[in-house]
Every structure is written in structure tokens, then in C-alpha cells.
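Now for the letters of each chain:
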Amino acid sequence: MSKTFPNDIMIEVTNVCNLKCTTCYSHQDGREKRFMSLKVFKKIVQEIPHPETKTISLYNYGEPLMHPDIWEMVLYAKKSHIKNVKIATNGTYLTARKSLELIKWWLDYLSISVDGTTQEVYEKFRIWGNIKEVLLHTKQMVKLKKKLRAGPDIELQFIIMSHNQHQVGLVEELARTLWVDYLRYKTVLIKDQKWWDLLPGDKKYSRYHPNTKKKSTCHKPEEWIVINVDGEVIPCCYITDDFIPVHRYWNIEKQWLQEIFQEPKNQKFIETVIKDKSTTPYCSWCDEWNIDLNYKLISLV
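What you see is a predicted model; the values in this text were computed from it and never measured.

Undergrad: Would you take a moment to explain the overall build of the chain for this structure?
TA: Broken down by element type, the chain carries ten helices and ten strands. The C-alpha radius of gyration of the chain comes to 19 Å, within 12% of the 19 Å expected for a compact globule of 301 residues. Seen through its C-alpha atoms, the chain measures out along the principal axes to roughly 50 × 45 × 35 Å. Every one of the 301 residues in the chain was classed for burial, and the buried ones make up 55%. When contacts within the chain are restricted to residue pairs at least 6 apart in sequence, long-range pairs at least 24 apart make up 71% of them. Just so you have it, the chain exposes about 14100 Å², and 53% of that area is on carbon and sulfur atoms.

In C-alpha cells form, the structure reads like this:
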């Protein structure tokens, strides 16, 4: 039997996005595009047992800052004594007003994706994005944070790929000039053979390096629970596309969250992948939980 409830919850508040990033499933998985209602979100938060859960992440596939009630979701989570509330964003909707709201309502952590220091490089992956706009919004957020002496830890996230690996040093210089708190270098996730050309030439930047040790176990479903925008509960954020129907056992709108986690079917799944995930569909070839997905995390404060 696994723990009574996971430490972390990922809540996909929307699967709508204004960009068309190459490997993102928000524009490729065929799911209906929608925003989670505030009512459903509040039900989820109300059912989170304390103090087991330390963190909720308000993202999965989609741009969370496009949600009209995102600031109210942050506030409700914090008033409900969630220790850490996190948002990952492409930065295009991080306007001065949204920044002020997120600071005012106690967001704890904000990750801003910047996968290139020039427009030419940036837009090869962040299709339809504007790097100047993202950097302007980041500067505004940092400025407001300093002025108010409050606000979330802010990180720039840089996914190292074949077309941007030459900018690894440049993005650190950029992060320091922006006065953000952290710079996170991530290795690129490849779920489809058609994206293999994104892998950097320098093997040290790849999570698929031949020397990477493979493991036959996984503890992610024990540590995390994922709730998609339609209320469907799945055991892992790496389950996407056609594999979602295989693993979606419950819906938060119909059942209690803690009851879902303790369901025998879910507990059996957890016990199986902890012991040997090779017999489980999709999980058999996935190694993401067993390796370090970060190339490096640099503290700039």
C-alpha cells in the first residue's frame, strides 16, 4: 500500500494555449479545448488532505495565465493553506496587471519559458511567440516584485535543443540582467520519433545519453496526482494523447479526490509500477521519472 496521499498535485486549469510549441500536446491531442471552472477547482482544493500535500502546480498542457480566474485560483489555494502554489507560463500573458494580481494573491513560484535569446532561435520551438514581449513582461514582474517587496520566486527555464544549445551561455547572461531568482536548464523531452532532430549534438545536454542508467521502477504515481482540465484524474503527466483513455479511471466532478487515490485500481497501478513498470502500457518505455530532467539549476540570488 502506498502513502495515504501524494505530496504534489498537478491541476490542468486549461488546455488552451496561444502558442504552438513543437512537442506540446495542447494542439495535437484532439482534446476539447476548455477552461476548468472555478467551482470544480475549489472542489479539488477543498478535498486536498492536509498536511500531506505540499504543492499544487496549476499547469499541464496549456497556458494557465489565459484562464480568466487564475488569480482567484491562486488566492483560494493559498487561503486553503497550500504551502506552495506554482505556475509555469510562456510569458506572453504575463501583463503588468496579471503580475500584480499574482504577487498580491501570494503565488509562490513562477517559471517562465525562454528557449532562445533571439527571436530567430526562440520561435523555432515557441511558434507564434515573441521573445521581446516575454522579456518585457519578465522585467515588469521583477520590477513589481522589488517595489512591493513581495512575490514569487521567478525562474527562467531554457530547454536545451539542437537549434539553441549555442545560446546556453547567453541565456545565463540574460537571466542575470533580468534579476530573476533562478535559471533552469532542462533537457528536451522527445515522445515522438519525428522530433528527434531537436536533440542537441552535445550528448551532455541529452536525457537520452547512452550512458543513462535505465530503471524498471517508478514512484511518480505515488508522489503525484494529475487532474486534467475536464476533471479526469490520471496517475502521471507523461500520459498523453491516445494513452489517456487507457489510464483515466475517475473524474473529480463525480468522486472524492482522496477516495480516487485510495481506489484499489489506482493502488494496484502504483504498486505495479513501483515493483516493475515493464508490464504496464505506456510506462514500459518511459524513463522520465528515473532520470534528472534538469541539466542544471542555477541560483542567481
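Undergrad: What should I look at first to understand unusual backbone geometry in this one?
TA: Most of the time, phi is negative for any residue but glycine, and the peptide bond is trans. One non-glycine residue with positive phi stands out, namely histidine 81, at about 70°. Looking at the element boundaries, histidine 81 is found in the loop between helix H2 (70-79) and strand E3 (84-89). The phi dihedral of arginine 149 falls on the positive side, at around 55°, and the residue is not glycine. One can find arginine 149 in the loop between helix H5 (131-148) and strand E5 (153-160). With a relative accessible area of 79%, arginine 149 lands in the exposed category.

Undergrad: Looking at this structure, I do not really get the packing of aromatic side chains. What am I missing?
TA: Aromatic rings considered in pairs are described by the distance between their centres and by the relative angle of their planes. On inspection of all chains with the given rule, the structure shows nine aromatic pairs. With centroids separated by 6.4 Å and ring planes inclined at 70°, the aromatic side chains of tyrosine 185 and tyrosine 295 adopt a geometry described as edge-to-face. A residue pair is termed long-range when its members are at least 10 positions apart, and tyrosine 185 in strand E6 (residues 182-187) and tyrosine 295 in strand E10 (residues 294-299) qualify at 110 residues. For tyrosine 295, a relative accessible area of 28% puts it in the partly exposed group. An aromatic cluster of three or more residues is present, and its members are Phe158, Tyr185, Tyr205 and Tyr295.

Undergrad: I keep staring at helix H1 (residues 38-46) and nothing clicks. Help me out?
TA: Every α-helix carries 3.6 residues per turn, so stepping three or four residues along brings you back to the same face. Inspection of H1 places Leu38, Val40, Phe41, Ile44 and Val45 among the buried residues, and these make up the whole buried set. Angular distribution of buried residues about the axis of H1 spans 160°; they occupy a single face of the element. Along H1, the residues that are exposed and aim more than 90 degrees away from the buried face are Lys39 and Gln46. Contact partners of the buried residues in H1: strand E1 (8-11), strand E2 (55-57), H2, strand E7 (224-227) and helix H9 (257-262).

Undergrad: I tried to follow the pattern of salt bridges on my own but got confused; where do I start?
TA: Side chains that differ in charge, positive against negative, can pair when their charged atoms come close. Scanning all chains against the criterion turns up ten salt bridges. Note that arginine 97 is salt-bridged to glutamate 101, the shortest N-O span being 3.4 Å. Remark: glutamate 101 and arginine 97 occur in helix H3 (residues 96-104); sequence separation between them is four residues, near one turn of the helix. Via salt bridges that share partners, Glu12, Asp29, Arg31 and Lys33 belong to a single interconnected network.

Analysis parameters
Residues numbered from 1 in each chain as written. Predicted model: local features only at pLDDT ≥ 70, side-chain atom pairs only at ≥ 80, totals over all residues. Heavy atoms only, no water. Helix = DSSP H or I, 4+ residues; strand = E, 2+ residues; numbered from the N terminus. Rg over C-alpha atoms; globule rule 2.2 N^0.38 Å. Buried < 20%, exposed > 50% of the residue type's maximum accessible area, 1.4 Å probe, protein only. Contact = heavy atoms within 4.5 Å. Areas by Shrake-Rupley, 256 points an atom, 1.4 Å probe, with all protein chains shown as cover. Phe/Tyr/Trp six-rings, centres within 6.5 Å; stacked < 30°, edge-to-face > 60°. Arc of directions from axis to C-beta. Salt bridge = Lys/Arg side-chain N within 4 Å of Asp/Glu carboxyl O.

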